[in-house]
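What the coordinates show
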Amino acid sequence: MRVVSINRRTVERGALAAASGLLAGFAALAAAELTASLVRPQAGPVTVIGGAAIDRTPAALKDFAIRTFGENDKLVLQLGILATVGLLAALLGMFALRHRRTGAAGVLVFGALGAAAALGRPDAAGPADVLPSLVGAAAGAMVLYLLVGKLGGPVARPSSGDDTAASTAEGSPIGIESRAGTGTGTGAGAPDHSPPAAWNRRGFLLAAGVTALVSTGAGALGRALTGRRAQGAAASRAAVRLPTPDSPAPPIPAGASLRIPGVSAFTTPNKEFYRVDTALVVPKVDADTWSLRIHGKGVSRPRSYSFAELLQRPLIERDITLTCVSNEVGGPYAGSARWLGVRLSDLLREAGVQPPSRGGRADQLIARSVDAMTLGTPVEEVMDGRDAMLAVAMNGEPLPFEHGFPVRMLVPGLYGYVSACKWIREIELTTFDAYDPYWVKRGWARRAPIKTQARIDTPKPFARTSAGTVMVAGVAWAQHRGIERVEIQVDDGPWQEASLAAQATTDTWRQWSFDWKATPGGHRLTVRATDGRGEVQTELRARTIPDGASGRHSVFVTAG
Ligand SMILES: Nc1nc2c(c(=O)[nH]1)N[C@H]1C(S)=C(S)[C@@H](COP(=O)(O)O)O[C@H]1N2
Ligand SMILES: [Mo]
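Residues numbered from 1 in each chain as written. Chains lettered and ligands numbered in written order. Predicted model: local features only at pLDDT ≥ 70, side-chain atom pairs only at ≥ 80, totals over all residues. Heavy atoms only, no water.

1. A short note on helix 6 (residues 131-150)
Residues lying three or four places apart along an α-helix face the same way, a consequence of the helix completing one turn every 3.6 residues. To keep things clear, this is the line we draw: In DSSP terms, a helix is any run of H or I states spanning at least four residues, a strand is any run of E spanning at least two, and both are numbered starting from the N terminus. To estimate how far a helix should extend, the number of its residues minus one is multiplied by 1.5 Å.
Compared with an ideal rise of 1.5 Å per residue, which puts 20 residues at 28 Å, helix 6 spans 29 Å between its outermost C-alpha atoms and is within 8% of the ideal. Of the residues flanking the end of helix 6, it is Gly-152, one or two places downstream, whose phi is positive at about 85 degrees.

2. Points about the pattern of salt bridges
Filter applied, for reference: Between Lys or Arg on one side and Asp or Glu on the other, a salt bridge is scored when a side-chain nitrogen of the former is within 4 Å of a carboxyl oxygen of the latter. Whether a residue is buried, partly exposed or exposed follows from its accessible area with a 1.4 Å probe, protein chains only, as a fraction of its type maximum: under 20%, in between, or over 50%, in that order.
In the structure shown here, the tally under the stated rule is 26 salt bridges. The salt bridge involving Glu-33 is made with Arg-223; its shortest N-O contact spans 3.0 Å. Of this pair, Glu-33 sits in helix 1 (residues 2-39) while Arg-223 sits in helix 8 (residues 201-238), and the two are 190 residues apart along the sequence. We classify Glu-33 as partly exposed; its relative accessible area is 26%. The exposure class of Arg-223 is exposed, given its relative accessible area of 59%. Here Glu-487 ties to Arg-528 by a salt bridge, and the two come within 2.9 Å at their closest N and O atoms. Of this pair, Glu-487 sits in strand 14 (residues 483-490) while Arg-528 is found in strand 18 (residues 521-531), placing the two residues 41 residues apart along the sequence. For Arg-528, a relative accessible area of 15% gives the class buried. A cluster of three or more residues bridged by salt bridges with shared partners is formed by Lys-74, Arg-275, Asp-277 and Lys-422.

3. Here's the deal with the nonpolar core
We apply this condition: Throughout this description, the term nonpolar core refers to a set of buried Ala, Val, Leu, Ile, Met, Phe, Trp, Tyr and Cys residues connected via side-chain atoms within 4.5 Å. Pairs of residues are marked as contacts when any of their non-hydrogen atoms sit within 4.5 Å.
Core analysis: the largest hydrophobic core is formed by 84 residues, its most contacted members being Trp-339, Leu-365, Ile-424 and Leu-429. At 6 residues, the largest contribution of residues to this core is made by strand 7 (residues 389-394). The residues touching Ile-424, leaving out its near neighbours within four places in the chain, are Trp-290, Leu-292, Ala-367, Arg-368, Ser-369, Leu-390, Val-407, Arg-408 and Met-409.

4. What about empty space enclosed by the protein?
The cut-off we apply is this: In the cavity and pocket records, a cavity denotes points on a 1 Å grid over the protein atoms alone where a 1.4 Å probe fits but cannot get out, a pocket denotes an open set with protein on both sides within 12 Å along at least 5 of 7 lines, and lining residues are residues with an atom within 4 Å of a point. Grid points are joined across faces, edges and corners, and a volume is the space filled by probe spheres set on the points. The nonpolar class holds Ala, Val, Leu, Ile, Met, Phe, Trp, Tyr, Cys and Pro. Asp, Glu, Lys and Arg form the charged class, and all remaining residues, Gly among them, are polar.
Inspection of every chain in the model, using the stated rule, returns 2 cavities of 30 Å³ or more. Here the largest cavity defines a volume of roughly 220 Å³. Along the wall of the largest cavity there are 18 residues; nearest its centre are Arg-121, Asp-123, Thr-278, Ala-279 and Asp-371. In terms of residue count, the dominant contributor to the lining of the largest cavity is helix 2 (residues 45-56) (5 residues). Each residue belonging to the lining of the largest cavity can be placed in one class, and the counts come to 10 nonpolar, 4 polar and 4 charged.

Quick look at the structure:
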């Protein structure tokens, strides 16, 4: 009986030690969150470690993450980090049972790792960025040391001074005598007359409760303060009065929307617009203090623009379909919006920039964002007459924070990662030889025009439909070249012409539909588009890496 009770006690102490570790981890994260809200929300340990992880993720794994978790990839990453922190914290707690000081010091080691990650972030604001991790770790170490102290000394070993100090003085210890040689094996050879290793249940529960309460409060306060910080940005966004464009978008032809249920709307509502970026915390930029700097090779007149200055310039308004290079064949990362902005080539010409074809020295433009993202865009394309712009509005409202408020870049015809810098703050003219931006360093192509793609939106893959006439429909895009034809193939039959909606511009996608006379049974429907230059979409399958997926979208459907 005695042995059993001691074993139970051992298990109980282990569990309580693990719980102490978890609480210490929680306290650490809460203290870090509160500190980050005062220093810089982006400097919190989960964010800096997550950011470091994103930057180091091999392209193939990132692609897998986007494919598997879609736009929840960031949530999954953060939950993964939290789970890892929790596991490590619980293990440290159990370790601290034997080695209280070393266990607590272990928390500090993780704090140092967080601090190092914070300093290594490309958008690190300065040495203060280490504070959230360090303050958090200090709080965590303290909590662990204190809580484990309340658990009493090792079962079969004389308690060390700091272990008994807290436990015997207060509360009603449940006296379980420690005995050498009872099978717990913790202290072979320990003297039998060792003092009872008592634990202080009431003291522990009290300390644990206080820790949980204070941590929850600190975390909530941190959240609230971070929210307050963003208020200036939100107010500056709310105060934006969008000027009327000097060059309005050509009206969208009535026939551009086929109004077929299940087909992507011609204009994607902002709330439904896909989002792809590396920002774990969406940058909330105050437009009133924002500025854009243009400088670099071949810039004879470098200068900066405020947001108000950009709004005072002549603005163009255009419908443009944006596409992500990570979009699989048939995938969701394409969206179309009406953008309002400043023509980028105007600004570049004012700065003295010439395109390479006119002898300009810079062939690459690096856009830098407030979160230190870098995107490289060919200067030639930006200045070849297409509607490359610094956009300030999306579908009639200032850019949503998620989509780059106050200003983002857009270049029709190029994948987002080589053109569509959100939260932009700097444009540097350079050469492709001299500089590789973020994604290029990670294996993606330097130049990436959007590949021709057609997508079947309805019927959905593996849908069951009735036999007879079935509406097959979707969208096709080949930005800046336009879509000239869409064809459908049923099983291995001949290619048949689909009907095309009216083309708004060559920079937008185009809806299409096909009346399919479905015979009972399983069928494969395949679609292909031909771009405005008469080039048929390739059937060659390519992965998204390095310059965009190719191949044709198919769905399997059962009719009857
Ligand atoms: N600052 C910043 N801008 C960025 C990115 C990013 O990670 N950070 N991602 C780019 C990529 S890969 C794409 S496809 C587009 C997506 O823009 P959206 O999120 O508004 O759809 O933004 C681009 N601009
Ligand atoms: Mo992208």
